[in-house]
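Geometric and topological summary
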Amino acid sequence: MADIESARTTFGKFDVNGDGFVTADEFRSAMAEMGDPFVTGPVADAVIASKDANDDGLLSFDEFWASLNK
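1. Description of the packing of helix α1 (residues 4-14) against helix α4 (residues 61-68)
- Two elements in contact, α1 and α4, have axes whose closest approach is 10 Å; the angle formed by their N-to-C orientations is 125°. Accordingly, the angle class assigned to the pair α1 and α4 is oblique. The chirality of how α1 crosses α4 is right-handed. Contacts from Ile4, Ala7, Arg8, Thr10 and Phe11 in α1 reach Phe61, Phe64, Trp65 and Leu68 in α4.
- A class-by-class count of the residues in the contact of α1 with α4 yields seven nonpolar, one polar and one charged.

Put into structure tokens, the structure is as follows:
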């Protein structure tokens, strides 16, 4: 099981605008800033979609947390 405080910190790195959700564009940008320029728009879309339990196109902290604990 992941540590929830570490997970919140990590989620915050992706949630650039602080609205509580990570978009595919935020994910792609954050990955590029962390040194992974190979995460393209379609890859980011696929990653978000794979963890997006309610199919709203956004990754909430709860969805992120659930994906860490699978």
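2. Description of the pattern of salt bridges
- Inspection of every chain in the model, using the stated rule, returns two salt bridges.
- Where glutamate 5 meets arginine 8, a salt bridge forms, and the shortest distance between an N and an O atom there is 4.0 Å. Of this pair, glutamate 5 and arginine 8 are both found in helix α1, three residues apart, which corresponds to roughly one turn of the helix.
- Overall, the relative accessible area of 48% leaves glutamate 5 in the partly exposed class.
- Using a relative accessible area of 43% as the deciding quantity, one classes arginine 8 as partly exposed.

3. Considering the side chain of glutamate 63
- Here glutamate 63 is to be found in helix α4.
- No salt bridge is formed by the buried glutamate 63; its nearest oppositely charged neighbour, lysine 70, is found at 10.0 Å.
- A polar contact of 2.9 Å, which involves the side chain of glutamate 63, links it to the backbone nitrogen of serine 60.
- Setting aside anything within four residues of it in sequence, one finds glutamate 63 in contact with Lys51, Asp52, Ala53, Asn54 and Leu58.

So, how was this worked out
Residues numbered from 1 in each chain as written. Predicted model: local features only at pLDDT ≥ 70, side-chain atom pairs only at ≥ 80, totals over all residues. Heavy atoms only, no water. Axes fitted to C-alpha atoms, helices over the stretch in contact; angles between N-to-C directions. Helix = DSSP H or I, 4+ residues; strand = E, 2+ residues; numbered from the N terminus. Parallel < 35°, antiparallel > 145°, perpendicular 65-115°, else oblique. Left-handed = near helix turned anticlockwise from the far one by under 90°. Contact = heavy atoms within 4.5 Å. Nonpolar A, V, L, I, M, F, W, Y, C, P; charged D, E, K, R; others polar. Salt bridge = Lys/Arg side-chain N within 4 Å of Asp/Glu carboxyl O. Buried < 20%, exposed > 50% of the residue type's maximum accessible area, 1.4 Å probe, protein only. Lys, Arg positive; Asp, Glu negative; His and termini not counted. Polar contact = N/O pair within 3.5 Å; in protein donor to acceptor, adjacent residues only side chain to side chain.

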